[in-house]
Amino acid sequence: VVRRRLLQRYEHQPFISCLAGFYSCRWKRYQRERTEPGKCCCNMRECMFFPLLVAAFCFSLVFLYTWGEGKNDYNSFDWYNYGNLGFWFLWSLVILIVAAVLFTYVSLLLVLATCLLAEGQQLYLHWSHKIGTFLVLGFSIASLFALSILWRDHRKTVRLSFQVTAPYLHIGAIAIMVLLAWPVALHAIRADKKVTQVIIVGPYLAVLLFLFLIPLGMYSPCIREMGTLGPKPALIGHRGAPMLAPENTEMSFLKTIEHGGDGLETDVTISYDGVPFLMHDDTLRRTTNIQEVYPNDTGKAASFFSWDALQKLNAGTWFLKNKPFVGMGSLSKADQNQAMNQSIYTLSSFLRLADSHNKLVIFDLYRPPEKHPYRNLWIRKILDVILKESKIKRHLVLWLHNSVRSFVQSVAPGFQHTMGRKAPIEDLLKHNIVKLNLVYTDMSSEDIR
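What counts, and at which threshold
- Residues numbered from 1 in each chain as written.
- Predicted model: local features only at pLDDT ≥ 70, side-chain atom pairs only at ≥ 80, totals over all residues.
- Heavy atoms only, no water.
- Patch = residues over 30% accessible without salt bridge, like charges linked within 9 Å, V, L, I, M, F, W, Y side chains within 5 Å.
- Areas by Shrake-Rupley, 256 points an atom, 1.4 Å probe, with all protein chains shown as cover.
- Salt bridge = Lys/Arg side-chain N within 4 Å of Asp/Glu carboxyl O.
- Helix = DSSP H or I, 4+ residues; strand = E, 2+ residues; numbered from the N terminus.
- Buried < 20%, exposed > 50% of the residue type's maximum accessible area, 1.4 Å probe, protein only.
- UniProt positions renumbered as here; feature names shortened; annotations may be inferred.
- Phe/Tyr/Trp six-rings, centres within 6.5 Å; stacked < 30°, edge-to-face > 60°.
- Lys NZ or Arg CZ within 6 Å of the ring centre and 35° of its normal.
- Expected span 1.5 Å × (residues − 1).
- Contact = heavy atoms within 4.5 Å.

Q: So what exactly am I meant to see when it comes to a nonpolar patch on the surface here?
A: A contiguous nonpolar surface patch, about 400 Å² in accessible area, is contributed by L85, F87, F89, V94 and V98. Along the polypeptide, F89 turns up in the loop between α4 (74-85) and α5 (91-118). With relative accessibility at 38%, the residue F89 sits in the partly exposed group.

Structure (structure tokens):
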């Protein structure tokens with residue numbers, strides 16, 4: 001009779017058995033311990049650990065949100081690791097996946113605990129889950145601390161993102177409070193003391209009131225009155241369209257033009273025999289097949305190669321092997337074939353392409369290292385290519401380099417001189433600066449508007 005009663009009890013609680021199995025790792029058939037009305041849902045140790053589980057959930061949520069909204073700087077983060085490790089890898093994507101997995105894990109534990117409490121079951125979190133909770137909590141806190149140091153200038157971006165997504169977060173918080181209404185009410189009714197009822201219901205009602213009033217203080221910079229929106233910003237292709245084609249190649253710039261870009265940005269260095277070409281990195285290791293063609297020169301500066309040697313390198317196969325950005329889509333067969341046949345691009349060809357499509361150009365200029373034959377002639381060589389070889393219309397050139405600005409203004413009038421930092425209006429007018437090229441973290445919300 002006793003055995004039949006236990007089996008009958010078990011078969012009527014398959015849901016509770018699964019909850020307790022996942023949460024407590026107890027899968028044997030035995031009667032679950034229920035809490036009596038008015039009694040604590042778990043022992044003292046579990047009561048002390050449950051807030052840690054809630055804290056792990058909150059911190060992991062904050063880190064996942066912060067890292068997810070920082071995707072505009074993933075490439076900078078990957079560049080930071082590339083400079084320290086010497087090889088390219090999407091570490092930003094790895095961290096995003098790890099953060100999502102850890103948040104999901106803690107969320108499932110919290111959901112299981114909530115369901116067990118709603119069913120009046122006592123909580124016994126397995127020791128392995130407790131270790132996992134401590135790991136999630138430690139990882140989230142350490143990561144947030146590291147971000148607060150490394151991305152100190154990006155805090156305003158997170159705040160701005162929070163303002164934009166606040167309505168959706170508000171709806172999600174209300175949905176969670178609705179789901180929690182039943183277990184909270186159940187435990188409040190079961191409590192035999194009014195003090196216990198107040199402790200259970202009080203915080204819930206306080207949070208609910210906060211969510212009710214918070215829309216009064218919401219502000220989103222995306223909501224503007226008619227006629228107050230500024231002019232549409234110019235779209236400049238940074239190294240072309242590096243998510244659609246290998247950076248700083250003809251294909252990349254054609255993709256920018258194809259998608260309606262207003263201008264093209266690139267990086268210029270000079271070969272050992274005086275040919276200005278496009279290359280961002282100091283070496284050719286990341287964006288060419290130099291390991292196959294010149295395996296003994298992978299660490300050699302790009303500017304110490306002759307143009308004949310540079311022409312033998314492929315500048316597109318790396319793009320297909322190692323995707324440089326998170327969220328890149330797959331290329332069509334035609335684009336793959338085109339990417340595989342890209343070579344290092346010269347400044348002259350770049351300027352002719354921009355001029356033929358009437359596109360603005362802006363570039364970072366890299367002075368050759370010491371013992372380079374053109375170390376002291378590099379500006380003149382670049383100006384010769386701009387003014388004599390390509391003959392691009394001068395108003396299309398956004399001259400950014402600041403050290404020889406007065407000399408450039410004297411020999412090449414007509415350039416649109418651009419500054420890469422904020423400065424007083426008087427200084428801008430004095431140096432004939434007509435445009436600013438600023439990192440968004442250097443700009444206030446008012447500047448952006």
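That shown, we press on.
Q: Whenever I open this one, the pattern of salt bridges confuses me. Can you help?
A: Side chains bearing opposite charge may pair, as long as their charged atoms lie close to each other. Considering all chains together, one arrives at 9 salt bridges under this definition. As a salt-bridge pair, R239 and E247 come within 3.2 Å of each other at their nearest N and O atoms. By the burial criterion, R239 is buried, and E247 matches it. When the shortest N-O distance is used, the salt bridge between K255 and D335 registers 3.1 Å. Taken together, the residues span a long stretch of sequence, with K255 in helix α9 (residues 250-258) and D335 in helix α13 (residues 333-340) at a distance of 80 residues. We note that K255, like D335, is buried.

Q: Help me understand the UniProt feature "transmembrane region" (unreviewed entry) in the protein chain, please; the structure alone is not making it clear to me.
A: Taken from the UniProt record, the annotation "transmembrane region" (unreviewed entry) applies to residues 49-68, 88-119, 131-151, 166-186 and 198-219. Helix and strand shares over residues 49-68 are 100% and 0% respectively, and the end C-alpha atoms of the span are 28 Å apart. When the span residues 131-151 is considered, its composition is 95% helix and 0% strand, and the gap between its end C-alpha atoms is 29 Å.

Q: Sorry, what's going on with the packing of aromatic side chains here?
A: We describe a pair of aromatic rings using the distance from one ring centre to the other and the angle between the two ring planes. All chains considered together, the criterion is met by 14 aromatic pairs. A network of ring pairs unites the aromatic residues F63, W67, F77 and F139 as a single cluster. Against the face of W318 rests R286, its NZ or CZ located 5.6 Å from the ring centre.

Q: Help me understand helix α6 (residues 127-150), please; the structure alone is not making it clear to me.
A: Because the α-helix completes a turn every 3.6 residues, residues three or four places apart line up on one side. Taking 1.5 Å as the rise per residue, α6 with 24 residues should run 34 Å; its terminal C-alpha atoms sit 34 Å apart, in good agreement. Looking only at α6, the buried set comprises H129, K130, G132, T133, V136, L137, S140, S143, L144 and L147. In this structure, the buried side of α6 is in contact with α2 (14-24), α3 (44-69) and α5.

Q: Sorry if this is basic, but what is going on with unusual backbone geometry here?
A: A negative phi angle is the norm for most residues apart from glycine, just as the trans form is the norm for most peptide bonds. Positive phi values are uncommon outside glycine, yet R239 reaches one of about 60°. In this structure, R239 sits in the loop between β1 (236-238) and α9. Given the relative accessible area of 7%, R239 is considered buried.

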